[in-house]
Number of protein chains: 2
Amino acid sequence: MKELPKISEAEWEVMKILWTRSPQTGNEVIEALEGQMDWKPKTVRTLISRLLQKNAIAFQEAGRTYLYYPLVSQDDYVQTETQSFLKRLYGGAVKPLLVHFLREQKLSSDEISELKRILDEKTEEGPDRDRRKDR
Amino acid sequence: MKELPKISEAEWEVMKILWTRSPQTGNEVIEALEGQMDWKPKTVRTLISRLLQKNAIAFQEAGRTYLYYPLVSQDDYVQTETQSFLKRLYGGAVKPLLVHFLREQKLSSDEISELKRILDEKTEEGPDRDRRKDR
DNA sequence: TCTATAAGACTACATGCGTAATCCAAAAAT
DNA sequence: ATTTTTGGATTACGCATGTAGTCTTATAGA
């Protein structure tokens, strides 16, 4: 697995914009964030520059301006971040977190059904079979 | 809910030590982290000082030295951090995270059973009842 | 009693981050 | 052709963080 660049919280907002649609010009990104983040345009451009340096995004030139697009997938990111989050707070153990959430969170009956269904699938699959290679 | 001080990653390691046992002297904390974190003693003391400033911990004087203890509970912390993590990565929606984990993670059959049991409890409880006051 | 030690206080310094402003060159407007 | 505008590049600056080192003062040892 390649090294994913560290994306800060503010940078993350920019990434989200580019993940939902890309490529986009700087101005488009700025507009998309407007009203939502209360950042000056220059601030957004700074974030874009930093994401470029980190190789989290890239651009194609389109005449006088650039069209930016992500180089890392949101999925990879969420995956990695979640992993390190878990490690930090729950010592890497997933179950305590799951228990915590299943207990604490409001879930609709539909959601509960869906979760149960997923658990059922896992049961059938054979819970203790060697699944090392399955992803 | 009171404002929890922000605890950095390095500081978190110190907190973990104090959460598992307290109060402890600086040296005890330093020893506890030794071999585990590869920090110079002074580094640990800096972290302790910062945690003091942030009111994350406090101390009682014990003769020539201090006995440190946490002022915030690990539970509160994990709770808050998890909340903001979720908001950041999953837009606050718990279900996608649960789905993600139930799918991706290795869980033993025992664990699966336990999770199902918890879901069953929630079902009985009446999924859409107003549970605002239940914690 | 004088001195060495060591705990805690204070200082240090590079890097990352949030939050921009200024500079520069090319395109657009006049 | 000259001026204005505007994207993008560069620079700014304070605070947090990781990672310590130095200073000070009160005990513990000689």
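An unreviewed UniProt entry annotates chain A as BlaI/MecI/CopY family transcriptional regulator of Paenibacillus oleatilyticus. One UniProt comment on chain A, placed under Sequence similarities (unreviewed entry), says "Belongs to the BlaI transcriptional regulatory family."

K.L.:
Which parts of the structure should I look at to understand the relation of the copies chain B and chain A?
P.N.:
Each of the two chain copies can be brought onto the other by rotation about an axis and movement along it. Between chain B and chain A, which share one sequence, the superposing operator has a rotation angle of 180 degrees and an axial displacement of 0.0 Å; the RMSD is 0.1 Å. Here the two chains are linked by the operation of a two-fold rotation axis. A share of 98% of the interface residues of chain B reappears at the interface of chain A, consistent with the copies meeting face to face through the same patch.

K.L.:
Just to check I follow, could you spell out the packing of aromatic side chains for this structure?
P.N.:
One pair of aromatic rings is described through two measures. These are the centre distance and the angle between the planes. Scanning the model with the defined rule gives 15 aromatic pairs over all chains in all. Arranged with centres 6.1 Å apart and planes meeting at 70 degrees, the rings of A:Phe59 and A:Tyr68 form a pair that is edge-to-face. Of the residues examined, A:Tyr68 reaches a relative accessible area of 9% and is grouped as buried. Ring centres of B:Trp12 and B:Tyr77 lie 6.1 Å apart, and the angle between their planes is 65 degrees; this geometry places the pair in the edge-to-face category. Within this pair, whereas B:Trp12 is found in helix H1 (residues 9–20), its partner B:Tyr77 is found in helix H4 (residues 74–90), the two being separated by 65 residues in sequence. A relative accessible area of 2% means that B:Tyr77 is categorised as buried. Taken together through their ring pairs, the aromatic side chains of A:Phe85, A:Tyr90, B:Phe85 and B:Tyr90 make up a single cluster. Over the aromatic face of A:Trp12 sits the side chain of B:Arg88, whose NZ or CZ is 5.4 Å from the ring centroid.

K.L.:
Whenever I open this one, unusual backbone geometry confuses me. Can you help?
P.N.:
Only a minority of non-glycine residues have a phi that is not negative, and only a minority of peptide bonds are not trans. All names here are of chain A. Look at the link from Ser22 to Pro23: it is a cis peptide, with omega at 0 degrees. Note on placement: Pro23 falls in the loop between helix H1 (9–20) and strand E1 (24–25). Positive phi is not limited to glycine here, since Asn55 has a value of about 60 degrees. Along the chain, Asn55 falls in the loop between helix H3 (41–53) and strand E2 (57–62). A relative accessible area of 52% means that Asn55 is categorised as exposed.

K.L.:
What's the story with the protein's contact with DNA strand C in this structure? I'm lost.
P.N.:
By nearness alone, 20 residues border DNA strand C, and A:Ser8, B:Asn27, B:Arg45, B:Thr65 and B:Tyr66 come closest of all. Of all DNA strand C atoms lying within 4 Å of any protein atom, the proportion belonging to sugar or phosphate reaches 61%. A distance of 2.8 Å separates a sugar or linking oxygen of DNA strand C from a polar side-chain atom of A:Thr43. Interatomic distance of 3.0 Å between a side-chain N/O atom of A:Lys54 and a phosphate oxygen of DNA strand C. Breaking the surface near DNA strand C down by element, the ones donating at least two residues are H1 and H3 of chain A together with helix H3 (41–53) and strand E3 (65–70) of chain B. Broken down by element, the surface near DNA strand C gets its largest block of residues, five residues, from H3(A). Split by residue class, the surface near DNA strand C holds five nonpolar, five polar and 10 charged.

K.L.:
Quick question: what am I supposed to make of the interface of chain B and chain A here?
P.N.:
How big an interface is tends to be reported as the loss of accessible area on association of its parts. The interface is formed by 45 residues belonging to chain B together with 44 residues belonging to chain A. Contact between chain B and chain A buries roughly 4700 Å² in total, counting both sides, with carbon and sulfur atoms accounting for 62%. For chain B, the biggest contributors to the area lost against chain A are B:Arg88, B:Leu102 and B:Leu119; these three give 15% of the whole. Here chain B is connected to chain A by six salt bridges. Among the ionic pairs, B:Lys95 bridges to A:Glu114, the shortest N-O distance being 3.1 Å. Between the two partners, chain B and chain A, sit 14 residue pairs in polar contact (both at pLDDT 80 or more). Looking at the side of chain B that touches chain A, the elements with two or more residues in it are H1, H4, helix H5 (94–104) and helix H6 (109–124) of chain B. When residues of the side of chain B that touches chain A are assigned to their parent elements, the largest contribution, 12 residues, is made by H6(B). By residue class, the composition of the side of chain B that touches chain A is 18 nonpolar, nine polar and 18 charged.

The rules behind the values
- Residues numbered from 1 in each chain as written.
- Chains lettered and ligands numbered in written order.
- Predicted model: local features only at pLDDT ≥ 70, side-chain atom pairs only at ≥ 80, totals over all residues.
- Heavy atoms only, no water.
- UniProt positions renumbered as here; feature names shortened; annotations may be inferred.
- Least-squares fit on C-alpha atoms with pLDDT ≥ 70 in both.
- Contact = heavy atoms within 4.5 Å.
- Phe/Tyr/Trp six-rings, centres within 6.5 Å; stacked < 30°, edge-to-face > 60°.
- Buried < 20%, exposed > 50% of the residue type's maximum accessible area, 1.4 Å probe, protein only.
- Helix = DSSP H or I, 4+ residues; strand = E, 2+ residues; numbered from the N terminus.
- Lys NZ or Arg CZ within 6 Å of the ring centre and 35° of its normal.
- Near = heavy atom within 4 Å.
- Polar contact = N/O pair within 3.5 Å; in protein donor to acceptor, adjacent residues only side chain to side chain.
- Nonpolar A, V, L, I, M, F, W, Y, C, P; charged D, E, K, R; others polar.
- Buried area = accessible area lost by both parts, 1.4 Å probe.
- Salt bridge = Lys/Arg side-chain N within 4 Å of Asp/Glu carboxyl O.

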